[in-house]
Amino acid sequence: MEIHAETLNRFCNQYKIIKHYIEDLPSQAIHTRFVPDKWSIHETIAYLCRYQYVFMERLKRISNEVNPFFMAYKPENDPEYQFTAARTTGALLHEIYRLRDDMKYMLANLSAAECSRVGTHSVLGRMNICQWLEFFLLHESNQFYKIFKLAGNFWSNNSLHHGNVISMPMQNVKVDEMVG
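Moving on: the sheet that holds strand 2 (residues 118-121). Strands belonging to one sheet form pairs held by backbone hydrogen bonds; the direction of such a pair is parallel or antiparallel. The 3 strands lie next to each other as 1-2-3, forming an open sheet whose pairing is mixed. Unpaired on one side and paired on the other, strand 1 (69-70) and strand 3 (125-128) mark the two borders of the sheet. By the bridge criterion, 4 bridges tie strand 2 to strand 3 in an arrangement that is antiparallel. In the sheet register, Thr-120 faces strand 3, and the bridge partner there is Arg-126. Docked against the sheet, helix 8 (residues 129-156) engages strand 1, strand 2 and strand 3, running at close to 105° with respect to strand 3.

Below, the structure is given as structure tokens:
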């Protein structure tokens, strides 16, 4: 079994769209929780960054163990998520790009036998590495959709949201500085 070329192409490129969703947004829009109990754009980007590490560790375990079991990832149970969310949006985007390059290299070097190895997810069940990769991409695209909606919410409400701004580690972020 090999990773489908279309899947690998999405994995190599899908994440690059994020900077276009936020490039014209002021820092306020990136850090505002438009719904108090829902994440801001920044927190969602932190989640995407942290989840790449979680996913890479899962791939390593699947490659090295016989059918490892994984609980659904919950950032509220992960102390590393809070550390990740404390970073600037620009630093998070740089990290997403850097780590994705590492993951691309790892995936490109998997043999057909390695792609057939399985791990079991507590909700989705038993999946081979190709299926885990599809799950990762669908999950990531859902987070991108949330970011897209939040950016649209900011512009459609004439920037009237001021009361739910979370801590802003960096003011006046420019996207050019965030991602190469």
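Chain-level statistics for the chain give a pLDDT mean of 88 and a share of 87% at 70 or above. Across residues 165-180, where pLDDT falls below 50, the model places 39 contacts with residues more than four positions away in sequence or in other chains.

Attention shifts here to the pairing of strand 2. Within a regular beta strand, the side chains point alternately toward one face of the sheet and then the other, so they alternate between its two faces. Side chains Val-118 and Thr-120 of strand 2 all project onto a buried face; the interleaved residues Gly-119 and His-121 project onto the opposite face, where all are buried too. Note: strand 1 against strand 2, 2 bridges, orientation parallel. Bridging across to strand 2, Phe-69 finds its partner in Thr-120. What sits between strand 2 and strand 3 in their antiparallel hairpin is a turn of 3 residues.

One pass over the full model with this rule turns up 14 aromatic pairs. With 6.0 Å between their ring centres and 75° between their planes, Trp-132 and Phe-135 make a pair best called edge-to-face. A residue pair is termed a helical-turn pair when its members lie 3 or 4 positions apart in one helix, as Trp-132 and Phe-135 do in helix 8 at 3 residues. Overall, the relative accessible area of 0% leaves Trp-132 in the buried class. By relative accessible area, Phe-135 is classed as buried at 17%. Through a chain of ring-to-ring contacts, three or more aromatic side chains come together here, namely Phe-11, Trp-39, Tyr-47, Tyr-51, Phe-55, Tyr-73, Tyr-81 and Phe-136. Residue placement shows Arg-100 over the ring face of Phe-11; its charged tip is 4.4 Å from the ring centre.

Quick look at the nonpolar core now. With 48 residues, the main nonpolar core has Ile-22, Leu-25, Ile-41, Ile-45, Tyr-51, Phe-55 and Leu-107 as its most contacted residues. Put simply, the parts of the chain that give this core at least two residues each are helix 2 (18-22), helix 3 (27-31), helix 4 (41-64), helix 5 (79-85), helix 6 (89-108) and helix 8.

Here the focus is the pattern of salt bridges. Inspection of the entire model under this criterion finds 9 salt bridges. Here Arg-61 and Glu-65 are joined by a salt bridge, their closest N and O atoms 3.0 Å apart. Given the relative accessible area of 32%, Arg-61 is considered partly exposed. Glu-65 sits in the partly exposed class, given a relative accessible area of 31%. With its nearest N and O atoms 2.8 Å apart, the salt bridge here joins Arg-98 to Asp-102. Of the two residues, Arg-98 and Asp-102 both sit in helix 6, 4 residues apart, roughly one turn of that helix. For Asp-102, a relative accessible area of 33% translates into the label partly exposed.

Conventions and cut-offs
Residues numbered from 1 in each chain as written. Predicted model: local features only at pLDDT ≥ 70, side-chain atom pairs only at ≥ 80, totals over all residues. Heavy atoms only, no water. Pairing = 2+ DSSP bridges. Helix = DSSP H or I, 4+ residues; strand = E, 2+ residues; numbered from the N terminus. Contact = heavy atoms within 4.5 Å. Axes fitted to C-alpha atoms, helices over the stretch in contact; angles between N-to-C directions. pLDDT = per-residue confidence, 0-100. Buried < 20%, exposed > 50% of the residue type's maximum accessible area, 1.4 Å probe, protein only. Phe/Tyr/Trp six-rings, centres within 6.5 Å; stacked < 30°, edge-to-face > 60°. Lys NZ or Arg CZ within 6 Å of the ring centre and 35° of its normal. Core = buried A, V, L, I, M, F, W, Y, C linked by side-chain atoms within 4.5 Å. Salt bridge = Lys/Arg side-chain N within 4 Å of Asp/Glu carboxyl O.

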